[in-house]
Amino acid sequence: MVLIAFAAVYVLWGSTYFFIRIGVETIPPFVLAGIRHVAIGLIFYPLFRFQSKEKPTPAQWRTTIITGLLLLLCGNGALSWAETRVPSGIASLLVATVSLWMVILDWLRPGGCRPTARVFIGFVLGFAGITLLVGPSHLGGSERVNPLGAVVLILGSLAWAAGSIYSRHHPVPHSPLLGVAMQSLAGGAGLWIVAAATGELHQFHPAQVTLRSWL
């Protein structure tokens, strides 16, 4: 089961970067992310509220709203926007900085865990890899990555790490999938607000979306 779970993470999580890149070809990025997460929230919340028989508390709502905004609005929204400028393969590698940010944030939080020497070595190697990836072409031997897209991806990864650390130390529903639904409602609502504020909703015309992007 552990091997199957890892395989699912690699295939499903890994493919999402490629599919987002296809989606943003004809769907504005915040609209795309908003559609995805609001749909998940509207379907999952009543389903898992009924299945779990759990009534979320105000504290649990507060946690899931904060984490939903950090993970989905700031994290996934940034990813969707950046993929209009950065190839999906590069985006997936830059998002790997989540693990590096989690080391820093878990260390800096009150009562945090100081990284071991091995973690420090991995941390340095990880950021060295990012430097090779997005630095000057003569350094990494590859084409120059759009710097704004790279910065947005790294900041989005920081937000994702912050949301992940926050959720570990604050009340969440006992049902993980109910928590996902609550996060999706909060993050999806935030994405729609940003889409409206940036003019994406006004520019969005479903008839102009290709079948490829819808799928």
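Our subject is the structure that appears above.
Residues numbered from 1 in each chain as written. Predicted model: local features only at pLDDT ≥ 70, side-chain atom pairs only at ≥ 80, totals over all residues. Heavy atoms only, no water.

Student: For this particular structure, what's the right way to read the packing of helix α5 (residues 97-108) against helix α8 (residues 147-168)?
Tutor: Between two packed helices, the angle of one axis relative to the other and the distance separating the axes together describe the packing. It is at 8 Å that the axes of α5 and α8 come closest, and there the two elements cross at 50°. One finds that α5 runs oblique with respect to α8. Judged by the sense of rotation from one axis to the other, the crossing of α5 with α8 is right-handed. The segment α5 lies against α8, with Thr97, Val98, Trp101, Met102, Leu105 and Asp106 engaging Ile154, Ser157, Leu158, Trp160, Ala161, Ala162, Ser164, Ile165 and Arg168. In the contact of α5 with α8, the residues fall into ten nonpolar, three polar and two charged. (Axes fitted to C-alpha atoms, helices over the stretch in contact; angles between N-to-C directions. Helix = DSSP H or I, 4+ residues; strand = E, 2+ residues; numbered from the N terminus. Parallel < 35°, antiparallel > 145°, perpendicular 65-115°, else oblique. Left-handed = near helix turned anticlockwise from the far one by under 90°. Contact = heavy atoms within 4.5 Å. Nonpolar A, V, L, I, M, F, W, Y, C, P; charged D, E, K, R; others polar.)

Student: What is the right way to read unusual backbone geometry from this model?
Tutor: Among all residues except glycine, the phi angle is most often negative; among peptide bonds, the trans geometry is most common. Even without a glycine there, the phi angle at Lys53 is positive, about 60°. Relative to the helices and strands, Lys53 is located in the loop between α2 (29-52) and α3 (58-82). Given the relative accessible area of 63%, Lys53 is considered exposed. (Buried < 20%, exposed > 50% of the residue type's maximum accessible area, 1.4 Å probe, protein only.)

Student: Teacher, can you tell me more about the layout of surface pockets here?
Tutor: Rolled over the atoms, a probe as big as a water molecule pinpoints where empty space is left. In this model, the largest pocket occupies a volume close to 630 Å³. The wall of the largest pocket is formed by 25 residues, among which Trp13, Thr16, Arg36, Asn76 and Trp160 lie closest to the centre. Among the secondary structure elements, those contributing two or more residues to the lining of the largest pocket are α1 (2-23), α2, α3, α8 and α9 (176-197). Take the lining of the largest pocket: its biggest share by element is six residues, from α1. Class assignment of the residues belonging to the lining of the largest pocket gives a composition of 15 nonpolar, nine polar and one charged. (1 Å grid on protein atoms, 1.4 Å probe; cavity = no way out; pocket = protein on both sides within 12 Å on 5 of 7 lines; lining within 4 Å. Points joined across faces, edges and corners; volume = space filled by probe spheres on them.)

Student: Would you explain the side chain of Gln60 in this entry?
Tutor: Within the fold, Gln60 resides in helix α3. Assessed through its relative accessible area of 8%, Gln60 is described here as buried. Here Val172 takes part through its backbone oxygen, which lies 3.3 Å from a polar atom of the side chain of Gln60. (Polar contact = N/O pair within 3.5 Å; in protein donor to acceptor, adjacent residues only side chain to side chain.)

Student: Just checking my understanding: could you explain the side chain of Asn76 for this structure?
Tutor: Here Asn76 shows up in helix α3. Side chain to side chain, Asn76 and His37 meet in a polar contact 3.3 Å long. Look past the residues within four positions of Asn76 in its chain and what remains in contact with it is Ile20, Ala33, Arg36, His37, Leu71 and Trp160.

Student: Would you take a moment to explain a nonpolar patch on the surface for this structure?
Tutor: A cluster of nonpolar side chains, contributed by Val2, Phe6, Val9, Tyr10, Val11, Leu12 and Trp13, occupies part of the molecular surface with about 790 Å² of accessible area. Summarising the element assignment, Val2 is placed in helix α1. (Patch = residues over 30% accessible without salt bridge, like charges linked within 9 Å, V, L, I, M, F, W, Y side chains within 5 Å. Areas by Shrake-Rupley, 256 points an atom, 1.4 Å probe, with all protein chains shown as cover. Salt bridge = Lys/Arg side-chain N within 4 Å of Asp/Glu carboxyl O.)

Student: Is there a simple way to think about α3 in this case?
Tutor: Each α-helix winds once per 3.6 residues, and so residues spaced three or four apart point in a common direction. In this model, α3 (25 residues) spans 34 Å end to end at C-alpha, consistent with the 36 Å of a helix rising 1.5 Å per residue. Residue Gly68 marks the point of greatest curvature in α3, where the axis turns by about 25°. (Expected span 1.5 Å × (residues − 1). Bend = angle between axes of the 7 residues up to and from the residue.)

Student: How should α1 be read in this particular structure?
Tutor: The first and last C-alpha atoms of α1 sit 31 Å apart over 22 residues, in line with the 32 Å expected at 1.5 Å per residue. The largest bend in α1 comes to about 30°, at Thr16. Turning to α1, its buried residues are Thr16, Tyr17, Ile20, Ile22 and Gly23. Check the buried side of α1 and you find it contacts α2, α3, α4 (88-94) and α11 (211-214).

Student: It is not clear to me how the pattern of salt bridges should be interpreted in this structure. Could you clarify?
Tutor: Pairing is possible between side chains of opposite charge, provided their charged atoms come close. Applying the stated criterion across every chain, the model contains two salt bridges. Put simply, Glu25 and Arg212 hold a salt bridge, and the shortest N to O gap is 2.8 Å. With a gap of 187 residues between them, Glu25 in the loop between α1 and α2 and Arg212 in helix α11 connect regions that are remote in the sequence. Ionic pairing is found between Asp106 and Arg109, a salt bridge with its closest N-O pair at 2.6 Å. The exposure class assigned to Arg109 is partly exposed, which follows from its relative accessible area of 24%.

Student: Looking at this model, I keep getting lost on the environment of Pro46. Mind explaining?
Tutor: Relative to the helices and strands, Pro46 resides in helix α2. The class of Pro46 is partly exposed, set by a relative accessible area of 47%.

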